[in-house]
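Residue-level structure breakdown
Residues per chain are reported as follows:
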Amino acid sequence: MTWLLPRILTTLLAMVVGGVAGTFVQRRDAVVLGAMLGCALVLGAIAVRDTVRGYGLLGWLRGSQEGEAPRHVGLWGELAYRIERSIRLREQQAQAERNRLTQFLAAIEASPNGVMLLDAGDQIEWCNSLAADHFSLDPQRDRRQPITNLVRAPAFVAYLQAGRFDEAVEVPDPRSKRELSVLVREYDEGQKLVLSQDITERERSDGMRRDFVANVSHEIRTPLTVLSGFIETMANLPLTEVERKRVLVLMAQQADRMGTLVADLLILAQLEGSPRPTADRWVALKPLLDRVAVDAKALSAGRHTLVFPADTGLQVAGAQEELFSAISNLVGNAVRYTPDGGTIKVSCDVQADGAGVIAVTDTGPGIAREHLPRLTERFYRVDGSRSRDTGGTGLGLAIVKHVAQRHGGELDIQSEVGKGSVFRLVLPAVRLRGAAALPAATLPAAGQTAAADSALAS
Ligand code: ADP
């Protein structure tokens, strides 16, 4: 009210001045008239000044209010100051709200889930880019569109229409071969928060795990059934000594088969569950290949020509038993699948880029092109009965691939039906040493050179 006092004082002063001036006029009521005139003049001046200042402030308010409000003293000054301050305060609050909203949206944008907001009529209010990707939406163009016009997957539409949102629904998309898990939560008055998650990978690995368990069960059940049959036979039938021995041999074979399967499963589990082999443990290849050669000779029992390289001095940084398991799986396969009289050649070479290649070449039946990409899948067999008859578990190449990858390398398979196969275990240069000692060409073991080379050349 500090602005009111000067106005009252000025008016009173004008009245006094008007009254004093009236004393100079020779009329009875001149003093009163002078005082009233002074009062009217001051009030009029104040009204004119207020109108001018009021319009100035109104002009500023009608404009963008970017500059300062008109600066005056008194009533209009205080009014302008308070209005401007309240506007600036609101602007700051709105800016803070906008910043908070931007941060909030950025956080939702970074969410690993798709997030979409629907209004009470199921029209899209907002969605993050992941939700847009999941439902093939355009966040700008599709705003305010009913979601069911754009996402027509029957499972999703039925879920939304049923209105029971206690559990998520799985929504397959045959076009993109993707599977989404969608969960809706209602809030406010019928508005909905739609959370979506791409579960394609999870479903795939769940499927793989289910297949794996089914395969393992199947592989174990077969020898188990045979064993049970033999046990029943022995328990119920009087067998001659010869028959008894034959049945025992067959039972031992089935038990061995189960044993081999369990051993391979354990190797795979160990490969998956242990850290990658460090690159500071050097394994000499020669003794490793000697061990493989002993096993291969026993398995082949003289039916094949086996060629192993001379000592190359080559060493590989890695896990000795894993490398042994990988190479002996490749050589074992070559022996098992190559018909009698065939040749199996093992070689160690260093490529121009420094990578080491341990190759197992055979003169076996070869493998048709369409099978090659699937050979390293667990339990994948080209010829199931041939594999089982020769003691295969269907896990050998899966183990080799794992070992190669754990050593930073890869398994390369080249094969053609009727022309044999080459399985190459390629190891990176950083895991090799002693390559200088490598002879230019791989030397076959003494006494086997000519036969092997001619067989491989043919
Ligand atoms: P298995 O225990 O059945 O041999 P692997 O994983 O070692 O399982 O091999 C997968 C399949 O690849 C085999 O069943 C066989 O059909 C094929 N295979 C592997 N090595 C050879 C080879 N040297 N020659 C022909 N076929 C092969």
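None of these values were measured; they are calculated from a predicted model.

Taken as a whole and assessed by the stated rule, the structure comprises 27 salt bridges. A salt bridge links E84 to R88; the shortest N-O distance between them is 3.6 Å. On the criterion of helical spacing, the pair formed by E84 and R88 is a turn pair, its members being four residues apart in helix α3 (residues 74-109). Among the residues examined, R88 registers a relative accessible area of 23% and is labelled partly exposed. Shared partners join several salt bridges into a network, and the residues in it are E68, R71, E84, R88 and E91.

Moving on: the packing of helix α8 (residues 241-273) against helix α12 (residues 396-406). Taken N-terminus to C-terminus, the directions of α8 and α12 make an angle of 25 degrees; their axes are 10 Å apart at the nearest point. The pairing of α8 with α12 is recorded here as roughly parallel in orientation. As for the relative orientation of α8 and α12, their crossing is left-handed in sense. Seen from α8, the contacting residues are D264, I267, L268, L271 and E272; seen from α12, they are A398, I399, H402, V403 and R406.

As a further point, take the nonpolar core. The biggest cluster of nonpolar side chains holds 45 residues, and the ones touching the most others in it are L285, F308, I327, V331 and I358. Mapped onto this core, the elements with two or more residues apiece are α8, α9 (285-300), α10 (320-337), β9 (343-350), β10 (356-362), α12, β11 (410-416) and β12 (420-427). In terms of residue count, α10 provides more of this core than any other element does, eight residues in total. Each of domain 3 (205-272) and domain 4 (277-457) gives at least three residues to this core.

Packing of α10 against α12 leaves a shortest axis separation of 9 Å and a crossing angle of 140 degrees. Considering the angle they form, α10 stands oblique to α12. Seen from above, α10 lies across α12 with left-handed handedness. Residues E322, L323, S325, A326, N329, L330 and N333 of α10 pack against G396, L397, I399, V400, V403 and R406 of α12.

This part is about the sheet that holds strand β8 (residues 315-317). Strand order in the open sheet formed by three strands is β6-β8-β13, and the pairing between neighbours is antiparallel. Here the strands that pair on one side only, and so sit at the sheet edges, are β6 (282-284) and β13 (432-433). Relative to β8, β6 runs antiparallel, the two sharing three bridges. Note on β8: the bridge partner recorded for A284 is Q315. Along the sheet, α9 makes contact with β6 and β8, crossing β6 at roughly 55 degrees.

Overall, mixed pairing links the five strands, which are arranged β7-β9-β10-β12-β11 in an open sheet. Each edge of the open sheet carries a strand with a single partner, namely β7 (305-307) and β11. Pairwise comparison of adjacent strand axes, ignoring direction, gives a mean angle of 15 degrees for this sheet. Across seven bridges, the pairing between β11 and β12 is antiparallel.

Now for the site of the ligand. Around the ligand there are 20 residues in total, and N333, Y337, D362, S387 and G394 lie nearest to it. Here an oxygen atom of the ligand and a side-chain polar atom of Y337 are 2.7 Å apart. Protein contacts shield 97% of the accessible area of the ligand, which totals 530 Å² for the unbound molecule. Ranked by residues supplied to the shell around the ligand, first place goes to α10 with four residues.

Here we take up the domain arrangement of the chain. Here the domain parsing of the chain yields domain 1 (4-89), domain 2 (111-198), domain 3 (205-272) and domain 4 (277-457). When each unit is reduced to the centre of its C-alpha atoms, the spacing between domain 2 and domain 4 is 52 Å.

Another aspect to go through is unusual backbone geometry. Positive phi, normally seen in glycine, also occurs at D122, with a value near 60 degrees. Considering the arrangement of structural elements, one finds D122 in the loop between β1 (114-118) and β2 (124-127). Its relative accessible area of 17% is what places D122 among the buried residues. The phi angle at R144 is positive, at roughly 70 degrees, despite the residue not being glycine. Turning to its location among the elements, R144 is positioned in the loop between α4 (129-134) and α5 (147-150).

What follows deals with the packing of aromatic side chains. All told, the structure shown has three aromatic pairs when counted by the stated rule. Here Y159 and F165 contribute two aromatic rings whose centre-to-centre distance is 5.3 Å and whose plane-to-plane angle is 70 degrees, an arrangement assigned as edge-to-face. Look at F212 and F379: their rings are 5.8 Å apart centre to centre, the planes differ by 40 degrees, and that puts the pair in the tilted class. Placement of the pair is F212 in helix α7 (residues 200-236) and F379 in the loop between β10 and α11 (384-389), with a sequence separation of 167 residues. Of the residues examined, F212 reaches a relative accessible area of 22% and is grouped as partly exposed. In this structure, R291 is placed above the aromatic ring of F324, and the distance from its NZ or CZ to the ring centre is 3.9 Å. Geometry around F212 places R378 over its ring, the cationic atom sitting 5.0 Å from the centre.

Basis of the calculations
Residues take numbers from 1 onward in each chain, read along the sequence in its written order. Reporting of local features is limited, given that this is a predicted model, to residues whose pLDDT is at least 70; pairs of side-chain atoms are given and counted only at 80 or more, and all residues count toward the totals for whole chains, interfaces and linings. The basis for every side-chain value is the complete set of heavy atoms in the structure, and neither hydrogens nor water enter the calculation. The rule for a salt bridge is simple: a side-chain nitrogen of Lys or Arg has to be within 4 Å of a carboxyl oxygen of Asp or Glu. Helix and strand assignments follow DSSP, with helices taken as H or I runs no shorter than four residues and strands as E runs no shorter than two, numbered in order from the N terminus. Think of it in three bands: with a 1.4 Å probe and only protein chains considered, a residue is buried below 20% of the maximum accessible area for its type, exposed above 50%, and partly exposed in between. Here the axes come from fitting lines to C-alpha atoms, over the contacting stretch only for helices, and the angles between their N-to-C directions go from 0 to 180 degrees. To sort the angles, those under 35 degrees are grouped as roughly parallel, those over 145 as roughly antiparallel, those from 65 to 115 as roughly perpendicular, and the leftovers as oblique. By definition, turning the near helix anticlockwise from the far helix through less than a right angle yields a left-handed crossing, and turning it clockwise yields a right-handed one. Every residue pair with non-hydrogen atoms within 4.5 Å of one another is taken to be in contact. Among the buried residues, those of types Ala, Val, Leu, Ile, Met, Phe, Trp, Tyr and Cys that are joined through side-chain atoms within 4.5 Å form a nonpolar core. Residue ranges for the domains originate in an automatic or database domain assignment. Two strands are said to pair when DSSP picks up at least two bridges between them. Nearness is defined per residue: one heavy atom within 4 Å of the molecule or strand is enough. Any pair of nitrogen or oxygen atoms within 3.5 Å is treated as a polar contact; in protein, a donor-acceptor pairing is required on top of that, and neighbouring residues in sequence qualify only through side-chain atoms on both sides. Throughout, the Shrake-Rupley method with a 1.4 Å probe supplies accessible areas, and for residues the shown protein chains are the sole cover considered. Classification of ring pairs uses Phe, Tyr and Trp, with its six-membered ring standing for Trp, and accepts pairs whose centres are within 6.5 Å; under 30 degrees between planes counts as stacked, over 60 as edge-to-face, and the remaining range as tilted. Remark: a charge is flagged as sitting over a ring if the NZ atom of Lys or the CZ atom of Arg is within 6 Å of the ring centre and within 35 degrees of the ring normal.

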